[in-house]
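Working through the structure, step by step
Each chain, written out:
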Amino acid sequence: MAKQYKDLINNNRLWASEKKEKEPDYFSRLSLAQRPPFLYIGCSDSRMPLDTYTNTEPGELFVHRNIANQVSLTDINFLSVLEYAVNVLKVQHIIVCGHYHCGGIAAAYHGKVKGLVGNWTNPIRDLVLNYNSELNAIEDLDKRLDLLSELNVIQQVENLYKTNIVQHALQKCHAGFQIHAWVLDISTGLIKELELPMEAWKNKGLIPETVEEDPGKNENHEAHGV
Ligand code: CO
């Protein structure tokens, strides 16, 4: 049954008291400071609370979410979050996480979105035009939209590399963080790690040669402060 407004408050009281019972100093510890190792950039979709899918606790994910997980180079909200995460919180991982069955992706694909959301999803419309032949080669519409979700995440990671915040960090010997491209399959609850075209990005000068080839696969990487 759908929750009522009052349920949220009641659930909160219950959750807080259970948490405190298990760990009496949980909230006093939590209130001291945040040191999240992860910045999560995701879609606003209500089915995308990454902490649930990854079993992470309050204090572990620093979060920026918007429709269709865009990394917009003119979005002062996003850029402030990124700057704070990199320069102050010194996160060790930046995760751009899209998802299949994304309303923003589907709307942009069909090109029928009006108003502000239409403007916001315009960059995805560009992706549709740029990857027209790859997308059209897939007969099944859902699978075509899945590919578009993946292309969108990779494009947003490319945008992330274009920010002066990330560029500045990369110019030092250790950026201090790794960047990951994920897509979540809501129909299974599973995360898929996407390969990034690092070689192509190096060739065009977007990222320096010294950046790791396949950051997602190297479990032993020691992150250093920026
Ligand atoms: Co979405």
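Residues numbered from 1 in each chain as written. Predicted model: local features only at pLDDT ≥ 70, side-chain atom pairs only at ≥ 80, totals over all residues. Heavy atoms only, no water.

So, the pattern of salt bridges
Heads up, the rule is: We define a salt bridge as a contact between a side-chain nitrogen of Lys or Arg and a carboxyl oxygen of Asp or Glu at a distance within 4 Å. Each residue is placed in one exposure class: buried if its accessible area under a 1.4 Å probe, protein chains only, is under 20% of its type's maximum, exposed if it is over 50%, and partly exposed if it falls in between.
What the rule picks out here adds up to 6 salt bridges. The partner of Arg-29 in a salt bridge is Glu-23, and the shortest N-O contact between them spans 2.4 Å. Residue classification places Arg-29 among the partly exposed residues on the basis of a relative accessible area of 42%. For Glu-23, a relative accessible area of 31% puts it in the partly exposed group. Between Asp-25 and Arg-29 there is a salt bridge, and its shortest N-O distance comes to 3.7 Å. Overall, the relative accessible area of 39% leaves Asp-25 in the partly exposed class. Here the residues in one salt-bridge network are Glu-23, Asp-25 and Arg-29, joined through shared partners.

What about the domain arrangement of the protein?
We count it as follows: The domain boundaries here were taken from an automatic or database domain assignment.
According to the domain assignment, the protein consists of domain 1 (1-32) and domain 2 (34-223). Placing the centre of domain 1 and that of domain 2 at their C-alpha centroids yields a distance of 31 Å.

A word on the sheet that holds strand β2 (residues 61-66)
Using the following cut-off: Strands are labelled as partners when DSSP assigns at least two bridges between them. The way it works is that DSSP assigns letters per residue, a run of H or I at least four long becomes a helix, a run of E at least two long becomes a strand, and they are numbered from the N terminus. Simply put, an axis is a line fit to the C-alpha atoms, just over the touching stretch for a helix, and the angle between two N-to-C directions goes from 0 to 180 degrees. Every residue pair with non-hydrogen atoms within 4.5 Å of one another is taken to be in contact.
An order of β2-β1-β3-β4-β5 is seen for the 5 strands of this open sheet, with the pairing classed as mixed. Either end of the sheet is taken by a strand with one partner, and the two such strands are β2 and β5 (190-193). Pairs of neighbouring strands in the sheet enclose a mean axial angle of 25 degrees, with direction left out of account. Sheet topology note: the strand β3 (residues 93-99)/strand β4 (residues 178-185) ladder contains 7 bridges and is parallel. The residue bridging His-99 from the neighbouring strand is Leu-184, located in β4. Strands β1 (38-43), β2 and β3 of the sheet are contacted by helix α4 (residues 76-88), whose axis makes an angle of about 165 degrees with β2. Contacts from helix α9 (residues 141-162) reach β1, β3, β4 and β5, with the element oriented near 160 degrees to β4.

Some points on the nonpolar core
As a reminder, the rule being used: We call a set of buried Ala, Val, Leu, Ile, Met, Phe, Trp, Tyr and Cys residues a nonpolar core when their side-chain atoms join them within 4.5 Å.
Counting 35 residues, the largest nonpolar core has Leu-39, Leu-82, Ile-94, Leu-160 and Tyr-161 as its most contacted members. Broken down by secondary-structure element, the contributors of at least two residues to this core are β1, α4, β3, α9, α10 (164-170), β4 and α11 (198-203). For this core, the element with the most residues is α4, which contributes 6 residues. Here Ile-94 is in contact with Leu-39, Ile-41, Leu-82, Val-86, Leu-160, Phe-177, Gln-178, Ile-179 and His-180, once residues within four sequence places are set aside. Core analysis: the next-biggest nonpolar cluster, separate from the first, contains 21 residues, Cys-43, Leu-50, Cys-102 and Leu-135 among them.

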